[in-house]
Amino acid sequence: MSALDWQKSSYSEEASSCVYVAAAPDGTVRIRESDDPDVVVTTTPEKLRAFILGVKAGEFDHFADLGSGPVPGPGTVSGA
């Protein structure tokens, strides 16, 4: 496997909990965490795009607040 050009978000600064993304030669997108770089998730640009749109729309906001109570199930609206 060729070396990948891993990129992290500028929001990560110097934190040790970073998520890295790289474009692979086969057209897929690879994602890994800085604290466990041997575990790599492979996806397609289209699936990553759909996920990012969902993040921007707030569909996953409830995961950012896991410590404050039960997590709503799939398809439920937080605060409803």
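The preceding data block contains the structure.
Residues numbered from 1 in each chain as written. Predicted model: local features only at pLDDT ≥ 70, side-chain atom pairs only at ≥ 80, totals over all residues. Heavy atoms only, no water.

## Considerations on the layout of surface pockets
Part 1 of the reasoning: Taken as a whole, the largest pocket holds about 310 Å³ of empty space.
Part 2 of the reasoning: Forming the boundary of the largest pocket are Gln7, Lys8, Ser9, Ser12, Val19, Val21, Ile31, Leu48, Phe51, Ile52 and Val55.
Part 3 of the reasoning: Counting only elements with at least two residues in the lining of the largest pocket, the list comes to strand E1 (7-8), strand E2 (19-23) and helix H1 (45-56).
Part 4 of the reasoning: Here the lining of the largest pocket gets four residues from one element, more than from any other, and that element is H1.
Part 5 of the reasoning: In terms of residue class, the lining of the largest pocket is made up of seven nonpolar, three polar and one charged. (1 Å grid on protein atoms, 1.4 Å probe; cavity = no way out; pocket = protein on both sides within 12 Å on 5 of 7 lines; lining within 4 Å. Points joined across faces, edges and corners; volume = space filled by probe spheres on them. Helix = DSSP H or I, 4+ residues; strand = E, 2+ residues; numbered from the N terminus. Nonpolar A, V, L, I, M, F, W, Y, C, P; charged D, E, K, R; others polar.)

## So, the pairing of strand E3 (residues 29-33)
Remember that side chains alternate between the two faces of the sheet whenever the strand is regular.
Part 1 of the reasoning: Sheet topology note: the E2/E3 ladder contains five bridges and is antiparallel. If you follow valine 19 over to E3, its bridge partner there is glutamate 33.
Part 2 of the reasoning: Counting the residues that bridge the hairpin from E2 to E3 gives five residues, and of these glycine 27 lies at a positive phi of roughly 90°.
Part 3 of the reasoning: Examined bridge by bridge, E3 and strand E4 (residues 36-43) share five bridges and lie antiparallel to one another. Residue pairing across strands places glutamate 33 opposite aspartate 36, the latter belonging to E4.
Part 4 of the reasoning: With antiparallel pairing between neighbouring strands as the criterion, E3 and E4 make up a hairpin whose turn holds two residues. (Pairing = 2+ DSSP bridges.)

## Quick word on the environment of isoleucine 31
Part 1 of the reasoning: You can see isoleucine 31 is positioned in strand E3.
Part 2 of the reasoning: For the pair isoleucine 31 and valine 21, spaced ten residues apart in the sequence, the C-alpha separation amounts to 4.6 Å.
Part 3 of the reasoning: Setting aside its immediate chain neighbours within four residues, isoleucine 31 contacts Trp6, Val19, Tyr20, Val21, Val39, Val40, Val41, Thr43 and Leu48. (Contact = heavy atoms within 4.5 Å.)

## As for H1
Part 1 of the reasoning: For H1, built from twelve residues, the straight-helix expectation of 16 Å at 1.5 Å per residue is met to within 8% by its first-to-last C-alpha distance of 16 Å.
Part 2 of the reasoning: Positive phi shows up at glycine 58, right after H1, with a value of about 85°. (Expected span 1.5 Å × (residues − 1).)

## Describing the packing of aromatic side chains
Part 1 of the reasoning: By the definition in use, this model includes two aromatic pairs.
Part 2 of the reasoning: When the centroid spacing of 5.1 Å and the interplanar angle of 40° are considered together, the rings of phenylalanine 51 and phenylalanine 60 count as tilted.
Part 3 of the reasoning: Taken together, a centroid distance of 6.4 Å and an interplanar angle of 25° make the contact between phenylalanine 60 and phenylalanine 63 stacked.
Part 4 of the reasoning: Over the aromatic face of tryptophan 6 sits the side chain of arginine 32, whose NZ or CZ is 4.2 Å from the ring centroid. (Phe/Tyr/Trp six-rings, centres within 6.5 Å; stacked < 30°, edge-to-face > 60°. Lys NZ or Arg CZ within 6 Å of the ring centre and 35° of its normal.)

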